[in-house]
Amino acid sequence: MPSTWLITGATSGFGRLVAERALAGGAHVIAVGRRSDRLAELAESAPRGRVTPVALDITAPDAQDVLAEAVRSAGGLDVLLNNAGYGLFGSVEQVDADAARAIFDTNVLANLAVLRATLHALRAARGRILQTSSLIGQLAWPSSGLYSASKGAVELISEALAHELAPTGVKVTIVEPGTYATEFSTSLQVIAPNDVYLPTVGQFLTDFSALPPEAFGDPATVADAIMAVAELDEPPLRLAVGADAVEHIRASLRSRLAELDRWESFPRVPVGERA
């Protein structure tokens, strides 16, 4: 029986590529995005009735109700790709309160609204949840503090959710792509560093902007990985995609383990025995 997918951020990048692959496999896709023109293009390219376009800002107050109604109208849901989000690079100090709030509204709170709108149907189908994170959801670079924090929140929410849903048969996978040539890479919001942060944030941004095109992977790799993991009976909780993602995450985990080993007995003098 054909499956039904709900994909946020379906107008570009990984979301669009996965939508096209799901449609090619016979699925019905509830495609969610802000750009109605791109949703219309997707619907026109697919067999009639197989795309339900939902033009929606997922941070809108009624987003949860709109998505829940779309799922009800589709007759259920088998797979959720919770993919919408955006990037923000800038020093922690220079990201003002409004910018910090905005990225958490989109990358975290809207992610939760999508989950609340779909979990009832996903439980009924013993379905799959694919949460799009990033390699820097596991670590942070100079300038990525707020973005990494938003993706780190998605990571831990998803880990808790996987434990909570285990008895229901719903499987959760956190997808952690490396650096890929999508519109995301060219539409980052960047806050220029002041003099204090030129040696750290400034140098990182300079180095990042100087990366050659071959440093950015083919996003089709990520879409293919998402399609493959959605079919697994026992999918991983986390899936790092791309050699750079594996390398950076492994290095970060090794560093954390080394630090844990070094400081595990600190302080050596019990607190109650201090002068």
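See above for the structure.
Residues numbered from 1 in each chain as written. Predicted model: local features only at pLDDT ≥ 70, side-chain atom pairs only at ≥ 80, totals over all residues. Heavy atoms only, no water.

Across all of its chains, the model carries 7 aromatic pairs by this definition. On the basis of an interplanar angle of 75° and a centroid distance of 6.0 Å, the ring pair of F14 and Y180 is categorised as edge-to-face. Placement of F14 in helix α1 (residues 13–24) and of Y180 in the loop between β7 (171–177) and α6 (183–186) is noted, with a sequence separation of 166 residues between them. By relative accessible area, which is 13% here, F14 ends up buried. Ring centres of F89 and F204 lie 6.3 Å apart, and the angle between their planes is 50°; on these two criteria the pair is classed as tilted. Residue F89 is located in strand β5 (residues 88–89), and its partner F204 is located in helix α7 (residues 198–209); the two are separated by 115 residues in the primary sequence. A residue is classified by how much of its surface remains accessible, and F89, at 4% relative accessible area, is buried. Among the aromatic residues, those joined into a cluster by ring pairs are F89, W141, F204, F208 and F216. (Phe/Tyr/Trp six-rings, centres within 6.5 Å; stacked < 30°, edge-to-face > 60°. Helix = DSSP H or I, 4+ residues; strand = E, 2+ residues; numbered from the N terminus. Buried < 20%, exposed > 50% of the residue type's maximum accessible area, 1.4 Å probe, protein only.)

Among the structural elements, P219 can be located in the loop between α7 and α8 (220–230). Each C-alpha atom of the pair P219 and L161 lies 27 Å from the other, and the pair is 58 residues apart in sequence. P219 has contacts with F14, L17, Y180, A181 and T182, leaving out every residue within four places of it along the chain. (Contact = heavy atoms within 4.5 Å.)

This brings us to the pattern of salt bridges. Between side chains of opposite charge, pairing is possible as soon as their charged atoms come close. The full count for this structure, using the stated rule, is 10 salt bridges. Between R101 and D98 there is a salt bridge, with the nearest N and O atoms lying 3.3 Å from each other. Note that R101 and D98 are positioned in helix α4 (residues 97–125) at a spacing of 3 residues, about one turn of the helix. (Salt bridge = Lys/Arg side-chain N within 4 Å of Asp/Glu carboxyl O.)

On to unusual backbone geometry. Cis geometry marks the peptide bond from F266 to P267, where omega comes out at -5°. Within the secondary structure, P267 sits in the segment after α9 (243–263). Although it is not a glycine, R126 sits at a positive phi angle of roughly 50°. Inspection of the secondary structure puts R126 in the loop between α4 and β6 (128–132). With phi around 95°, S143 is a residue other than glycine that occupies positive phi space.

Spatial relationships are all this shows, so hold off on functional conclusions.
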